[in-house]
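# Examining the three-dimensional arrangement
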Amino acid sequence: MKKKLDMLEELQEVDQLMDTHKAAQQGLRAELNGINQGVDSAREAVVILETRLAQLEMEKSELEATHAAELENIARS
């Protein structure tokens, strides 16, 4: 009888340990989901910034061309 009680007590400890690990696992999964959402947001921001950079580079090229043309006009004048 004592042996069975000892085994039951040990089983209960194992169950408690499993519950603790399951709770920790759920917490880590929730944390991972939050991190993944942050990564997705950062990727979207990068795409937006890259698009804006491309627009600004095009504007810069246009302004440089206009500037060069104006300098040429001034030199001719």
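The notes below deal with the structure included here. Everything numeric in this text was worked out from a predicted model, so none of it was measured.

## With respect to the pattern of salt bridges
Summed over the entire model, instances satisfying the criterion amount to 3 salt bridges. In this structure, Glu64 and Lys60 form a salt bridge, with 3.9 Å as the shortest nitrogen-oxygen distance. Linking Glu64 with Lys60, this pair stays in helix α1 (residues 2-76), spanning 4 residues, or about one helical turn. Across the pair Arg76 and Glu72 runs a salt bridge, and its minimum N-O distance is 3.3 Å. Residue Arg76 and its partner Glu72 are located together in helix α1, separated by 4 residues, close to a single helical turn. On the basis of relative accessibility, which here comes to 47%, the residue Glu72 falls in the partly exposed class.

## Considerations on a nonpolar patch on the surface
Together, Met1, Leu5, Leu8 and Leu11 line one region of the surface with nonpolar side chains, adding up to about 470 Å² of accessible area. As for its position among the elements, Leu8 is in helix α1. With a relative accessible area of 52%, Leu8 lands in the exposed category.

Cut-off values and rules
Residues numbered from 1 in each chain as written. Predicted model: local features only at pLDDT ≥ 70, side-chain atom pairs only at ≥ 80, totals over all residues. Heavy atoms only, no water. Salt bridge = Lys/Arg side-chain N within 4 Å of Asp/Glu carboxyl O. Helix = DSSP H or I, 4+ residues; strand = E, 2+ residues; numbered from the N terminus. Buried < 20%, exposed > 50% of the residue type's maximum accessible area, 1.4 Å probe, protein only. Patch = residues over 30% accessible without salt bridge, like charges linked within 9 Å, V, L, I, M, F, W, Y side chains within 5 Å. Areas by Shrake-Rupley, 256 points an atom, 1.4 Å probe, with all protein chains shown as cover.

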